[in-house]
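# Coordinate analysis (summary)
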Amino acid sequence: MDFNVKKLASGAGVFFTRAVQFTEEKLGQAEKTELDPHLENLISRADSTKNWTEKMLRQTEVLLQPNPSARIEEFIYDKLDKKLPSRTTNPELLGQYMLEAANEFGPGTPYGSTLITVGEYQKRLGGAERELLQTSAATFLTPLRNFLEGDWRTISKERRLMENRRLDLDICKARLKKAKQAEAKAAAAPDFQETRPRNYVLSASASALLSEEVDKAEHELRVAQTEFDRQAEVTRLLLEGISSTHLNHLRCLQDFAEAQATYYAQCHHYMQDLQRELNKCANAASGPHPPAAVCPDPVSKAFLSGPTSPGATVLSSSSQRPSTLAMEQPQLPVTGTRKAKVLYDYDAHDSSELSLLADELITVYTVPGMDPDWLIGERGNQKGKVPVTYLELLS
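I will try to describe carefully the structure that is included in this document. All chains use their own residue numbering, which begins from 1 and follows the written sequence. Given that this is a predicted model, residues contribute local features only at a pLDDT of at least 70 and side-chain atom pairs are listed and counted only at 80 or more, while totals for whole chains, interfaces and linings are drawn from all residues. As a rule here, side-chain values cover all heavy atoms of the structure and leave hydrogens and water aside.

### Describing the overall build of the chain
- Within the chain, the regular secondary structure consists of seven helices and five strands.
- The secondary structure listing takes helices from DSSP runs of H or I that are at least 4 residues long and strands from runs of E that are at least 2 residues long, numbered from the N terminus. Reading the secondary structure of the chain in the N-to-C direction produces α-α-α-α-α-α-α-β-β-β-β-β.
- Two residues qualify as a contact provided that any one of their heavy atoms is within 4.5 Å of a heavy atom in the partner residue. A sequence separation of at least 24 residues applies to 69% of the contacts in the chain between residues at least 6 apart.
- By element, 56% of the accessible surface of the chain is carried by carbon and sulfur atoms, the whole surface being about 24,700 Å². Using a 1.4 Å probe, the Shrake-Rupley method yields the accessible areas, and only the shown protein chains count as cover for residues.

### Observations concerning the environment of Asp-36
- When you line up the elements, Asp-36 lands in the loop between helix H1 (2-26) and helix H2 (37-64).
- In this scheme, a residue with accessible area under 20% of its type's maximum is buried, one over 50% is exposed, and one in between is partly exposed, where area comes from a 1.4 Å probe on protein chains only. Overall, the relative accessible area of 41% leaves Asp-36 in the partly exposed class.
- For Asp-36 and Ala-232, which are 196 residues apart along the polypeptide, the C-alpha to C-alpha distance reads 9.9 Å.

### Remarks on the nonpolar core
- Among the buried residues, those of types Ala, Val, Leu, Ile, Met, Phe, Trp, Tyr and Cys that are joined through side-chain atoms within 4.5 Å form a nonpolar core. Core analysis: the biggest nonpolar cluster contains 35 residues, and Leu-35, Leu-39, Ile-43, Phe-140, Met-162 and Leu-239 have the highest contact counts within it.
- It is helix H5 (residues 110-188) that provides the largest number of residues to this core, a total of 15 residues.
- If near-sequence neighbours (up to four positions away) are discounted, Phe-140 is found in contact with Thr-60, Thr-135, Cys-252, Leu-253 and Phe-256.
- Counting residues in each nonpolar core, the second largest holds 19 residues, with Tyr-346, Val-364, Leu-375 and Ile-376 among its members.

### Here's the deal with the side chain of Arg-276
- Tracing the sequence through the fold places Arg-276 in helix H7 (residues 242-286).
- The exposure class assigned to Arg-276 is buried, which follows from its relative accessible area of 14%.
- In protein, a polar contact means a hydrogen-donor-capable atom and an acceptor-capable atom, both N or O and within 3.5 Å, with residues adjacent in sequence counting only if both atoms are side-chain atoms; elsewhere, any N or O pair within 3.5 Å suffices. Here Tyr-346 takes part through its side chain, which lies 3.5 Å from a polar atom of the side chain of Arg-276.
- Excluding anything up to four places from it in sequence, Arg-276 contacts Tyr-346, His-349, Glu-353 and Trp-374.

### Digging into the pattern of salt bridges
- By salt bridge we mean one thing: a side-chain nitrogen of Lys or Arg within 4 Å of a carboxyl oxygen of Asp or Glu. Scanning the entire structure with this criterion turns up 15 salt bridges.
- Lys-50 is the partner of Glu-54 in a salt bridge, and the nearest nitrogen-oxygen pair spans 3.4 Å. One end of the pair, Glu-54, and the other, Lys-50, are both in helix H2, four residues apart, so they sit about a helical turn from each other.

### Some words on H2
- By definition here, a helix of n residues has an expected span of 1.5 Å times n minus one. When the terminal C-alpha atoms of H2 are compared, their 40 Å separation across 28 residues agrees well with the 40 Å that a helix rising 1.5 Å per residue should span.
- Turning to H2, its buried residues number three or more, namely Leu-39, Leu-42, Ile-43, Ala-46, Thr-49, Thr-53, Leu-57, Thr-60 and Leu-64.

### A closer look at the packing of helix H4 (residues 90-105) against H5
- For helices, the fitted line uses only the C-alpha atoms of the stretch in contact; every axis is such a line through C-alpha atoms, and the angle between N-to-C directions lies from 0 to 180 degrees. Two numbers describe how H4 lies on H5: the axes approach to 7 Å, and their chain directions differ by 160°. In terms of orientation, H4 and H5 fall into the roughly antiparallel class. The handedness of the crossing between H4 and H5 is left-handed.
- Ten residues, namely Ala, Val, Leu, Ile, Met, Phe, Trp, Tyr, Cys and Pro, are considered nonpolar, four, namely Asp, Glu, Lys and Arg, are considered charged, and the remaining ones, Gly among them, are considered polar. Its residues assigned to classes, the contact of H4 with H5 comprises twelve nonpolar, seven polar and five charged. To sort the angles, those under 35 degrees are grouped as roughly parallel, those over 145 as roughly antiparallel, those from 65 to 115 as roughly perpendicular, and the leftovers as oblique. Crossing handedness is read from the near helix: turned anticlockwise from the far helix by less than a right angle, it gives a left-handed crossing, and turned clockwise, a right-handed one.

### What to know about the environment of Leu-354
- By secondary structure assignment, the location of Leu-354 is in the loop between strand S1 (335-342) and strand S2 (361-366).
- The buried category is assigned to Leu-354, whose relative accessible area is 6%.
- Through-space distance from the C-alpha of Leu-354 to that of Glu-378 is 8.2 Å; in sequence the pair is 24 residues apart.
- Excluding residues within four positions of it along the chain, Leu-354 makes contact with Tyr-346, Ala-348, Gly-377, Glu-378, Arg-379, Gln-382, Lys-383, Gly-384, Lys-385 and Val-386.

### Looking at the pairing of strand S4 (residues 382-387)
- In this structure, strand S3 (residues 374-379) lies alongside S4, joined through six bridges in antiparallel fashion. Note that in S4 the partner of Ile-376 across the bridge is Lys-385. Strand pairing is assigned whenever DSSP identifies at least 2 bridges connecting the two strands.

No statement about biological role is implied by the geometric values presented.
As structure tokens, this is what we get:
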């Protein structure tokens, strides 16, 4: 018990001395050992990495899970190191409601059959969203959390140790300075007023004590300098590892972007298939005279004027989707002939369409009255309709 009390008292004394040194440095009343510029730059770079990683992590979590309650639940399960129960995505829940409504209204009715069709595709969209969440969590969110909760905590701990060693070093410097000043003052102004031998003995004893105090302060300074240099080197090596962290986060960022591109491409493909089925149903129900506007088109005419980004969709109303394309009518004038690069693979659904392979170049053009979501594509002797969103139009 006595040992613990002494240790506690010693620790409290060291803490108080460091606090006094730190306060005096802030007030400009004490000298401070400056770090070398390279180490200062590493510290600044590490702080920026930590701050921006935290911001990107929080915003990505909001993007993938907008519901705050769900995010809190995920955080609690993560801290308890328990597996998060499977949660139904919003599109899956919507699709399930549509299927249940169709069973109640009658699956044989036009409304009921359409609910079944749309509900099935909503469940497919929900499955794609679930896959995006799982992939993003594994390839992007988890590495960012591991950095903040692992590497950064180690760096912060070593930086605190380095700061304490610096404070100890500056305390030793200040102590040595005071000891030398006291020794110099005693040597410069000796007391000759007393001539008794006893006073000469006391004066010599005081000089010896001051000299011992200077020697002790110099020894403590050398020890403090050695400990500070060692801790600064350890901290520097950890901070230089931030470059490896950036490379790792770069790969994670590429994986996250690829997961998003896959998700949006799947969603676009599902919605195109859904609109195609809905238009077939509408054409079958309306007979030989389809209505002018059956379903909203997923792509605007802006795609005809330049390149587009993968997965982007814009709603466009008041356009008519013909059930067949009169490929055998050469008298229709061709407009807007240009080259296009294929962004994704595409499998033709019928003989009027042209299958595509990613990264190939084809010639595309449109004809009057043609659906703005589609173009005529030519590859050698092959010709057929191709979806605009699978292309990057070249100038």
